[in-house]
Amino acid sequence: MIQRGDYAVRDAVIRTTGITDVSAPGNGMAYTARGFSGVNSVAVTENGQRVFVGSGTSTHPASTWGYERFEVLRGVGSIVNGTGTAGATINAVRKEPNKNTSLEAMAAVGEGGTERFGIGGTGAIGSAGAFRLDAYTDSSDGFIDRGDSSSKKFMSSFRFDVSDTVRLDFQADVADQKPQRYFGTPLIGGATGRLDTSIRERNYNVGDAKIQYSDSRALARATWQATSELSVRYELSAFDIKREWRNVESYSATATQVSRNSYLNIQHDQSQLNNRLEATHKLAGNQLIVGWEFSEIDFKNTRNSDNTATSVVPLRSFDPGVFISTTPLLTRLDSHTLAQAFYIDDAYDLTDRLKLLAGLRRDTYRYSRTNPTNPADVGRNELDSNSVRLGLSYRVTPDTNAYVQASTGSDPIDSLLSASLANMSFKLTSVKQAEVGVKQKLSQGLGEWTAAVYRIEKDDILTRAPSNSSITIQGGSQSSQGIELGGNIKPARNWRIDGNVAFVDAQYDKFDEVVANVLTTRNGNRPTNIPKVTANLWATYGTSVWETGAGARYVGERFSNNANTTTLPSYVVYDAMLAYRVNRNLTLRGLLRNLGDKVYATTSGNSGSQWYLGEPRRAEVVAELRF
């Protein structure tokens, strides 16, 4: 991540196999994986713990500073992490406190008024404790009019060895993000129209637009090494999240003007309290994990529903105007959710080469909602889910493993914390996956590679009733199957090449929707935002003083509607890096993103009539310090 200048989480994970970015200001961070898309199908966790999703939004964590690595588990989610998602789980692993004193810092400046500063350090607290502190801030003027953005965060971790068998950990974090207030570039003529690159830098949002995410997090953990084989861990953590949007979000363009609607003012207020008790038993040839989780979440959604305000501005030179609303800002949803889970996960050596992997998880959710503006909009729901994992791993040689596994999970049809009254009668979707693969390390440290083949089936998605198209039922299904290849090789001294490619065939197996009052089948169509092919390549050459690298990222063509009649073009983006080690403590690094200044769309909005464009070519110079 440091070498390639991947300071945002999305920049890091989209370089991994088969992950693409479909983020928009309304969802914070969203990805696709293995034929499935969105925050309900691709989860982001921190040290295995997930912030529950309310109103389709995921915003934590956003920057990579302060994290040791990001683990990407593709397919149906982990039993232990408990996300159950169909596409993937992205787990951020924090840097840990250490008694050995160290300090690292970073300062960067770049085009578009970009500035970044980060500092992190660790050291001892007396003879029994250690700490780690990380702070990061960035700001930019952006690549569009009024495209400024900023973020800042502070992460703290403390560890105390109370005795030879008991350890206490404490964490406290705060973060504040003000993302770019950009809701896409409209196509001339609507969803089937064209992109006019001359308006690439135009921002059609209002002048007083606002997007802000504020997060705070606290955690306490006690770990007891009861015996040499048995350890017990208890965690208590709390999240407090506040978000606000005040924007005009939908645009329709002709050759001379842009019509704007969806003047939305939305506020989220979310608090989450988590308990986790886990026991791990390790014995020769076997590792058993048994756990219990309990979470209590309060979520409040305040918004100006049914706002009928509209406006029209010229295509190019215009006054952006201010936010207007014909309706008041009122709390429309106040929900309370209790989530509980029990899980067991085991890895057992059947022989010295063959390992059995098995896991079982039971999740229950108790959800209640009220609408202070509408006494009739009140309801309760109970949801249950069982997740199962069964696999075999065979060590073909000391450096080669082959595996086969089957797993099940679930996705909600709506964000768990904000299910509408109409959706409260529906159960969770069911997901099942079968996968086989190979992992191998090459001899003499020359590299490693992995290959996987999978099939995923997701049932109980929403569709329309054949007998009455006005009724929504839970009888649809979709599936995907694909091949993933990834690895790295060191073909010569000082050289390293990393690459991956993913092929996915995704489709709706059973899905109907109403178009112009006519029930229309989408069976066989590819879901929106899903490319058939994605690939990444990065080559690095380095000596003790100099280091240089270049890479390419490819995302194939995607559809922006269920009818598969409007598309987002494929694209290739090239990046480069050059670094000079001044001394053992200081490295100067130059970064160049989107070398070819490619104009490309990451995702679409407003029924495909506007595209979210990726950043143009930009350069940064970074100073990295380590002591």
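Look a little higher up for the structure.
Residues numbered from 1 in each chain as written. Predicted model: local features only at pLDDT ≥ 70, side-chain atom pairs only at ≥ 80, totals over all residues. Heavy atoms only, no water.

**A closer look at the packing of aromatic side chains**
What characterises a pair of aromatic rings is the spacing of the ring centres plus the angle enclosed by the ring planes. Taken as a whole and judged by the stated rule, the model has 14 aromatic pairs. Ring plane angle 35° and centroid distance 4.7 Å describe the contact between Y508 and F511, whose orientation is recorded as tilted. On the basis of relative accessible area, Y508 is assigned to the buried category, the value being 9%. Residue classification places F511 among the buried residues on the basis of a relative accessible area of 11%. Ring geometry for W546 against Y580: centres 4.8 Å apart, planes inclined by 40°, an arrangement best described as tilted. In this pair, W546 sits in strand β29 (residues 546-555) while Y580 sits in strand β32 (residues 571-581), placing the two residues 34 residues apart along the sequence. Accessibility expressed as a relative area gives 47% for W546, which makes it partly exposed. Connected via pairs of aromatic rings, a cluster forms that spans F143, Y182 and Y612. Sitting over the face of the ring of Y454, R34 holds its NZ or CZ atom 4.1 Å from the ring centroid. Stacked on the ring of W65, the Lys or Arg K95 has its end atom at 5.9 Å from the ring centre. (Phe/Tyr/Trp six-rings, centres within 6.5 Å; stacked < 30°, edge-to-face > 60°. Buried < 20%, exposed > 50% of the residue type's maximum accessible area, 1.4 Å probe, protein only. Helix = DSSP H or I, 4+ residues; strand = E, 2+ residues; numbered from the N terminus. Lys NZ or Arg CZ within 6 Å of the ring centre and 35° of its normal.)

**Some remarks on the pattern of salt bridges**
On inspection of all chains with the given rule, the structure shows 54 salt bridges. Ionic pairing is found between E104 and K95, a salt bridge with its closest N-O pair at 2.5 Å. The pair formed by E104 and K95 is uniform in burial state, with each residue classed as buried. Note that K242 is salt-bridged to D240, the shortest N-O span being 3.1 Å. A residue is classified by how much of its surface remains accessible, and D240, at 29% relative accessible area, is partly exposed. Connected through shared salt-bridge partners, E96, R159, D169, R221, R233, E235, R276, E278, E293, R361 and D363 make up one network. (Salt bridge = Lys/Arg side-chain N within 4 Å of Asp/Glu carboxyl O.)

**A closer look at a nonpolar patch on the surface**
Residues Y348, L350, L392, V404, V436, V453, I483, L485 and F503 make up a contiguous nonpolar surface patch of about 710 Å² in total accessible area. Structurally, V404 is set in strand β21 (residues 400-409). (Patch = residues over 30% accessible without salt bridge, like charges linked within 9 Å, V, L, I, M, F, W, Y side chains within 5 Å. Areas by Shrake-Rupley, 256 points an atom, 1.4 Å probe, with all protein chains shown as cover.)

**Things to note about the pairing of strand β7 (residues 102-110)**
Along any regular strand, the residues point their side chains to alternate faces of the sheet. Bridge count between β7 and strand β8 (residues 114-125): nine bridges; the pairing is antiparallel. Pairing of A105 across the sheet is with I119, part of β8. Of the pairings in the sheet, the one linking β7 to strand β36 (residues 618-626) comprises seven bridges and is antiparallel in character. What sits directly across from A105, in β36, is L625. (Pairing = 2+ DSSP bridges.)

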